[in-house]
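The residues making up each chain are set out below.
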Amino acid sequence: MKVDSEKCIGCETCLPYCNVGAISMQDDVAVVDEKICVECWVCYRNRVCPQDCFEPTPLITPGDVFKHVLSDPTVTSEGTGVPGRGTEEAKTNDVTGRFTPDTYGICIDMGRPGVGTYMRDVEKVAMAVAGAGVRFASPKETPLSGLMTDIRTGKIRDEYLPVHVLSVIIEGTCKRGQLGPVLEALLKVEKEIDTVFSLGIVSMAVGDGDEPLFQTLRQHGLERPKRGKVNVGLGRPLRS
Ligand code: SF4
Ligand code: SF4
């Protein structure tokens, strides 16, 4: 994104609209720091500027395209055909059947509006959980896997590591017995990154329900989640 400096009148109206603080004033003219800008196009799409100063810069590199797809919720990912951040919602599992009774679904939501995340931090978290037993979804299911050199390790191609995005989902599954090591890996790697993440765990209610899950969380000093979504199982599975 860039600002037409000839038209800018320095009113500063645009500043609070940027999700990641990429716009600043220099000599009474707004400028966009392209290294920080996540190409969400909020400033442009919402016509926040009274002078119509915002102009999208061409998305030339694959990294430019990736950050736009991940940061602008109106864009649909070509790889997965899913709008938003390109990953099907976990709560549609009744239909998609991505998570099975012997696994937990792991959805790590990295970055947030106001914070964002660099892909180098995404790689650190992905590699940590891969080493602890998480198997990532395929590139057809989630755009992040398409950037990995090997989805077994979580290593992301070097050219994407400096890319800044608003938010990205690391999605996969782990065997139920591996949840403890996955939590340990997350508790360790959270100290090594410069952003925030939230962890979603998808659990099919089988046998003794969710009690083993809550027990594993407690063993790792994590509270029982205060927010959850329940899918009652009325969807028709696409796979048996
Ligand atoms: S809103 Fe437009 S005119 Fe005002 S500072 Fe921002 S770019 Fe310049
Ligand atoms: S495109 Fe998004 S990140 Fe970039 S300057 Fe505009 S609001 Fe900020």
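It should be emphasised that the depicted structure is a prediction, and the values quoted were computed from it without experimental measurement. (Residues numbered from 1 in each chain as written. Chains lettered and ligands numbered in written order. Predicted model: local features only at pLDDT ≥ 70, side-chain atom pairs only at ≥ 80, totals over all residues. Heavy atoms only, no water.)

Brief notes about the domain arrangement of the protein
Now for step 1: Split into domains, the protein comes out as domain 1 (1–57) and domain 2 (74–219).
Now for step 2: One C-alpha centre belongs to domain 1, the other to domain 2, and the line joining them spans 32 Å.
Now for step 3: Contact with domain 1, which involves 7 residues of that partner, is made by 9 residues of domain 2.
Now for step 4: Note on domain 1 versus domain 2: buried area summed over both sides is about 560 Å², and carbon and sulfur give 59% of it.
Now for step 5: Together, Asn19, Val20 and Val38 form the three largest contributors to the area buried by domain 1 at its contact with domain 2, with a combined 61%.
Now for step 6: At the junction of domain 1 and domain 2, the tally comes to 0 salt bridges.
Now for step 7: Inspection of the region where domain 1 meets domain 2 yields 2 residue pairs in polar contact (both at pLDDT 80 or more).
Now for step 8: For the side of domain 1 that touches domain 2, a count of residues per class yields 4 nonpolar, 1 polar and 2 charged. (Domains from an automatic or database assignment. Contact = heavy atoms within 4.5 Å. Buried area = accessible area lost by both parts, 1.4 Å probe. Salt bridge = Lys/Arg side-chain N within 4 Å of Asp/Glu carboxyl O. Polar contact = N/O pair within 3.5 Å; in protein donor to acceptor, adjacent residues only side chain to side chain. Nonpolar A, V, L, I, M, F, W, Y, C, P; charged D, E, K, R; others polar.)

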